[in-house]
Amino acid sequence: MSPLDVERIKADFPILNTKSRGNRLVFLDSAASSQKPLAVLDAMDHAYRHHYANVHRGVYEIAERATAEFEKARAKVAKFIGASEARELIFVRNATEAINLVAYSWARANLHAGDAVVISHMEHHANVVPWQMLAAERGIELRWIPMNADFTLDLTRLDILLDGAKLLSVTAMSNVLGTINPLAPLIAAARAHDAFVLIDACQYIPHVATNVRDWGADFVAFSAHKMCGPSGIGALWAKAEILEAMPPFLGGGEMIRDVRLEGFTTNDIPWKFEAGTPAIVEAIGFGAAVDYLDSLGMDAIRDHEMRLTRYALDALHDEFADRLTVYGPRDVSIRGGAISFLFDGIHAHDISQVLDEDGVCVRAGHHCAKPLMRQLGVPATSRASFYMYNDEIDVDCLVAALIKAEKFFAI
Amino acid sequence: MSPLDVERIKADFPILNTKSRGNRLVFLDSAASSQKPLAVLDAMDHAYRHHYANVHRGVYEIAERATAEFEKARAKVAKFIGASEARELIFVRNATEAINLVAYSWARANLHAGDAVVISHMEHHANVVPWQMLAAERGIELRWIPMNADFTLDLTRLDILLDGAKLLSVTAMSNVLGTINPLAPLIAAARAHDAFVLIDACQYIPHVATNVRDWGADFVAFSAHKMCGPSGIGALWAKAEILEAMPPFLGGGEMIRDVRLEGFTTNDIPWKFEAGTPAIVEAIGFGAAVDYLDSLGMDAIRDHEMRLTRYALDALHDEFADRLTVYGPRDVSIRGGAISFLFDGIHAHDISQVLDEDGVCVRAGHHCAKPLMRQLGVPATSRASFYMYNDEIDVDCLVAALIKAEKFFAI
Amino acid sequence: MAGLEDLYREIILDHYRSPRNRGELAVPPAHKTEGFNPLCGDEVAVYLDVDSVSGLVVDIKISGQGCSISQASTSMMSDAVKGKSVEEARLLIRAFKALMSIHESKLEGESDGTDLAADLEGVRLGDLEALQGVVKFPVRIKCATLAWNTLQQGLDEIGAELPN
Amino acid sequence: MAGLEDLYREIILDHYRSPRNRGELAVPPAHKTEGFNPLCGDEVAVYLDVDSVSGLVVDIKISGQGCSISQASTSMMSDAVKGKSVEEARLLIRAFKALMSIHESKLEGESDGTDLAADLEGVRLGDLEALQGVVKFPVRIKCATLAWNTLQQGLDEIGAELPN
Ligand SMILES: Cc1ncc(COP(=O)(O)O)c(C=O)c1O
Ligand SMILES: Cc1ncc(COP(=O)(O)O)c(C=O)c1O
């Protein structure tokens, strides 16, 4: 594993060579959505210019080509996450739709009043609201795994929480804290209680080599746009036999085998869950994105981000000491590169605004994790997050801009 | 209204200047999905290269820019269809999802066992299967408006069909027959029975100037990819007060106002129905597509397509007489540019295959309308369909290729 | 390009650092309304004591958390409406939204530019005008309007409760 | 680039124009299985008469509609399995799918190229090899395999019904 050549990588991303407010763009918001390398933009542009047509239904050359590229992209993404078969990978709009698909199709067919669903206090709204909707509709009990003071999950009462649970649905990596959750014991405990397992891998798969078969989960949700892919596409992975037993979700073209006045029969997986014209070119872009990630090597990416995160945590601490609180673990072996922080007495929104003056892009807000924010006792945090195209200089820019911001709001 | 300069238009579409199997690409499958002009490709590429970021949540410049462009696109598309407010336009993946959204949210909240939904024999599966799913789940009765021998809807028993109906859901233009349905009497009849109205405008909006307010429908569904826009995005339009009264569909980020452990409250429309990271760049491309259509003028497009369809119907009849059957009205004032046809004794699939040799792209199959195919008594048809970038030369190429195909399969 | 000084005028920072009318009122007789900015998590609670006879906002208190813009706007709003009639408060809301370039229910190209003038006619915004710089930072407009929308909702709710 | 002659060999057009074993069988004793190509609408019904003692496909009839490729493949399939044992029929199915480059459950890069040889070992496809040209037209592979998948399903269903 050779270390990343970040200078060369930066050159792969056109937007990183532009300016924002007159300064070099220092993009530190990849946890919200990553930037896209030229290889991805070119793959999509090329598809539109050379072989765009609706898929699956055309006999002519460009339709065949579009279909082949679309299905090749599915196989690539499936392989990237260690799936054993391409048909286990359903294309959806985003991780949110992936989780809703499970909630509408699998859960509504299998969960009944009194059953419990277990999630955690650090879930993104995408992994909260679908279950709250289900709970309200079906009388299902929603249970929450609490958090320790060190920003890890508190698993001491896990067995009690899982008692009577039909589903454990947790994030592999928190988008606020950066915390990587211990999937092995979580999944083992769920199995012991015969609960199914959904992993929200939206923050994990972009940054850490993943093998969903090794995890032993039943469902895995993620989005392309956080892993160098285009907007408008994501994926649900699930075991083939589970997908086959699930009722369809959206009805329409592509997902049927036959339609008569009296009713319809469903197509094979994965198409059974892909009603209507899919995000054709986005899938092709998604395929190009995992090619790009593979070309760098996920282990090298993870290694780079661990070092950069260590560097950033140290720099923040050295510069601001206790005036700045970091919400998340300090041990980079159990965390990703999303660093949430707050200055005493300065609102996250205002910090981001001042940073923007210097072209430094960080996110401010509740990061779609309001239950977690309430646990943390803050309305919002600022969050800087890294990807393979960030380096120490970016972190230095962040720190420099934070020094200015702190001055600006000094009382 | 000046007539279209098709030669200049063809130059706007990069793919139309490529070759297929060594021949000029003669693309006659726009009813499945249209090609994209440079203006749309450039708008998307530019967004990724200059102001890509997740929307709605960032304080920094490129996120503000992305959000502004995303919402501007919504306003453009809303204006293009004559909506009175941008917030009445929900971005979805495609028309299929738009119809499913209505079926899951509005219909499941408002329809009960014994209620009826009225559709027609010429619906696309997207406007059949969601209602079959609902019917099976809820004991709702699905009723079908039959078809006349001249490929128009038979409205003689409409009032009886609408008696006790809560929803009329029909296509504005058939993707198989080309038939434009008489929306005014259909909608008036539904109103008289207090039924809501959904219009599947997937084939209509790309080709005919549309004002959804004039229609007086409640819901209108369409897809960007059939109207020069990208794949991966479509829209549901509905009256604001209806959307506001509807329960949410997908749960997650963006669609909430607040989330607590005990439950969530929903955001304002349109965001209430847009859970998770939306198809950001696709929306921008969608906006660029309606700009492009506006620049040509929808009336000019319709006029051009009527003349071209007339020319094609005449040419097919002159050349093949009764050996070739056209499934659809002959009067171009009540039809669009999708022409379904069959040669006596030759399967549609085989025709398309032979046409492909000459770079002529037509679709073959059931066109996601199996109930209609059964009414027509055929397993499949070939379908040539036109858009603003097609001209008489394309039709001549079609006819020439059909002559070859007929010879090839001659017994 | 708009600079930070346009956004963070001194008077705004002053209201942020020393917010006016912070606190709570007993409910009832006062009325409490909560507002959320779904994007950033800011929350505000507006306590209104409206005299049903005189129609005056006799007292107003504010609690909640938010950025400098939302806190300053909330503080200024409370100063501006305290002691005013409900009718005057409504005019202020309309004028403030006009200042923020919010003309509801209009699709691009349909506005003829006269709305701002019309909405502002006869209304003195005073200090509030310091918030005009926010318009150049579209994402922050929601910060500035949160308190006002909550006030509007509160007045609506009180109005609905009143016998008429 | 593959030409039309690769796809439409003379023997294929011959089976298309004069399909073998068209018709129906009485059910029971025969077994009927329907297949659909969800993409193009082609339909096929396979009637199988399998002798439960000898395990031979004593009779087979075909009905349905489809393109030349699906019809020819169906006709050739019926000729190929008629009189064969169920076991031989299954080998044929496997060999035919291999001919169509279908190796199920393999992700790109995991196939080592030896599958085709292995699947074909000891199986004589005869006329069926004329369908090999279909591989170059990926969309048509489903046309060619429709009858075979339906046959497989039929044999599975019959197997499940048999006491063992
Ligand atoms: C009439 C009609 N309705 C619905 C659809 C479904 O559109 P989409 O596949 O984009 O969801 C189509 C397109 O195939 C159509 O032609
Ligand atoms: C942990 C986590 N889960 C789910 C999501 C939702 O992803 P999307 O908005 O792409 O659906 C996100 C991203 O915001 C996330 O960080």
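Nothing here was measured: the structure is a model prediction, and the numbers come from that model.

Observations concerning the packing of helix 3 (residues 68-81) of chain D against helix 6 (residues 138-161) of chain D
Residue and element names in this part refer to chain D. At a minimum axis distance of 8 Å, the contact between helix 3 and helix 6 shows a crossing angle of 35 degrees. Where helix 3 crosses over helix 6, the handedness of that crossing is right-handed. Across from Ile69, Ser70, Ser73, Thr74, Met77 and Val81 in helix 3, the residues of helix 6 making contact are Arg140, Cys143, Ala144, Ala147, Trp148 and Leu151. Classifying every residue of the contact of helix 3 with helix 6 gives 8 nonpolar, 3 polar and 1 charged.

Overview of the interface of chain C and chain A
Each partner contributes residues to the interface: chain C has 24 residues there, and chain A has 19 residues. Note on chain C versus chain A: buried area summed over both sides is about 1,700 Å², and carbon and sulfur give 55% of it. When the area that chain C buries against chain A is broken down by residue, the three leading residues are C:Leu4, C:Arg17 and C:Cys40, summing to 29%. Along the contact surface separating chain C from chain A lie 3 salt bridges. Two residues, C:Arg140 and A:Asp350, come together in a salt bridge whose shortest N-O distance is 3.1 Å. Applying the counting criterion to the chain C and chain A interface returns 7 residue pairs in polar contact (both at pLDDT 80 or more). Counting residues per element, the ones that place at least two in the side of chain C that touches chain A are helix 1 (4-7), helix 2 (10-17), helix 3 (68-81) and helix 6 (138-161) of chain C. Classifying every residue of the side of chain C that touches chain A by side-chain character gives 15 nonpolar, 5 polar and 4 charged.

Overview of the nonpolar core
Judged by nonpolar contacts, the single largest core of 195 residues is most densely connected at A:Ile199, A:Met388, B:Ile199 and B:Met388. When residues no more than four places from it in sequence are discounted, the contact partners of B:Met388 are B:Leu4, B:Val6, B:Ile9, B:Phe13, B:Cys228, B:Tyr292, B:Leu293, B:Leu296, B:Ile301, B:His304 and B:Glu305. Membership of the second largest hydrophobic core comes to 84 residues, among which are A:Ile140, A:Ala221, A:Ala238 and A:Leu250.

Comments concerning the side chain of B:Glu64
Position of B:Glu64 relative to the elements: it lies in helix 3 (residues 61-80). Despite its burial, B:Glu64 remains without a salt bridge, the nearest opposite charge being carried by A:Arg21 at 4.0 Å. Among residues more than four places away in sequence, those in contact with B:Glu64 are A:Arg21, B:Gly58, B:Val59, C:Phe137, C:Pro138 and C:Val139.

Re the interface of chain A and chain B
On the side of chain B, 92 residues touch chain A, which itself brings 92 residues to the contact. Summed over both sides, the interface of chain A with chain B buries roughly 7,300 Å², with 56% coming from carbon and sulfur. Counting across the chain A and chain B interface gives 7 salt bridges. One salt bridge connects B:Asp258 with A:Arg374, and the closest N-O pair in it is separated by 3.0 Å. One can count 48 residue pairs in polar contact (both at pLDDT 80 or more) joining chain A with chain B. Each residue belonging to the side of chain A that touches chain B can be placed in one class, and the counts come to 42 nonpolar, 29 polar and 21 charged.

Describing the sheet that holds strand 6 (residues 141-145) of chain B
Residues and elements named next belong to chain B. Pairing in this open sheet of 7 strands is mixed, and the strands run 4-10-9-8-7-5-6 from one edge to the other. Each edge of the open sheet is held by one strand with a lone partner, namely strand 4 (89-92) and strand 6. Taking the axes of each pair of neighbouring strands and ignoring which way they run, one obtains an average angle of 20 degrees across the sheet. With 5 bridges joining them, strand 9 (residues 219-223) and strand 10 (residues 234-238) adopt antiparallel strand pairing. Note that in strand 10 the partner of Phe219 across the bridge is Ala238. Those strands touched by helix 3 are strand 4 and strand 9, and its axis lies near 115 degrees from that of strand 4. Helix-sheet contacts for helix 7 (residues 183-192) involve strand 6, strand 7 (165-171) and strand 8 (196-200), and the interaxial angle to strand 8 is about 155 degrees.

As for unusual backbone geometry
A cis amide bond, omega 5 degrees, links A:Ile269 with the succeeding residue A:Pro270. Among the secondary structure elements, A:Pro270 is positioned in the loop between strand 12 (263-266) and helix 10 (280-296). Its identity is not glycine, yet A:Asp194 carries a phi of approximately 60 degrees, on the positive side. Within the fold, A:Asp194 resides in the loop between helix 7 (183-192) and strand 8 (196-200). Here the phi dihedral of B:Glu254 falls at roughly 80 degrees; this positive angle occurs in a residue that is not glycine. Judged by its relative accessible area of 6%, B:Glu254 is buried.

Some thoughts on the site of ligand 1
The immediate surroundings of ligand 1 are formed by 15 residues, with B:Thr96, B:Asp200, B:Gln203, B:Ser223 and B:Lys226 found nearest. Chains contributing residues near ligand 1 are chains A and B. Protein contacts shield 98% of the accessible area of ligand 1, which totals 390 Å² for the unbound molecule. Residues of the shell around ligand 1, tallied by class, amount to 3 nonpolar, 10 polar and 2 charged.

Conventions adopted
Residues numbered from 1 in each chain as written. Chains lettered and ligands numbered in written order. Predicted model: local features only at pLDDT ≥ 70, side-chain atom pairs only at ≥ 80, totals over all residues. Heavy atoms only, no water. Axes fitted to C-alpha atoms, helices over the stretch in contact; angles between N-to-C directions. Helix = DSSP H or I, 4+ residues; strand = E, 2+ residues; numbered from the N terminus. Left-handed = near helix turned anticlockwise from the far one by under 90°. Contact = heavy atoms within 4.5 Å. Nonpolar A, V, L, I, M, F, W, Y, C, P; charged D, E, K, R; others polar. Buried area = accessible area lost by both parts, 1.4 Å probe. Salt bridge = Lys/Arg side-chain N within 4 Å of Asp/Glu carboxyl O. Polar contact = N/O pair within 3.5 Å; in protein donor to acceptor, adjacent residues only side chain to side chain. Core = buried A, V, L, I, M, F, W, Y, C linked by side-chain atoms within 4.5 Å. Buried < 20%, exposed > 50% of the residue type's maximum accessible area, 1.4 Å probe, protein only. Lys, Arg positive; Asp, Glu negative; His and termini not counted. Pairing = 2+ DSSP bridges. Near = heavy atom within 4 Å. Areas by Shrake-Rupley, 256 points an atom, 1.4 Å probe, with all protein chains shown as cover.

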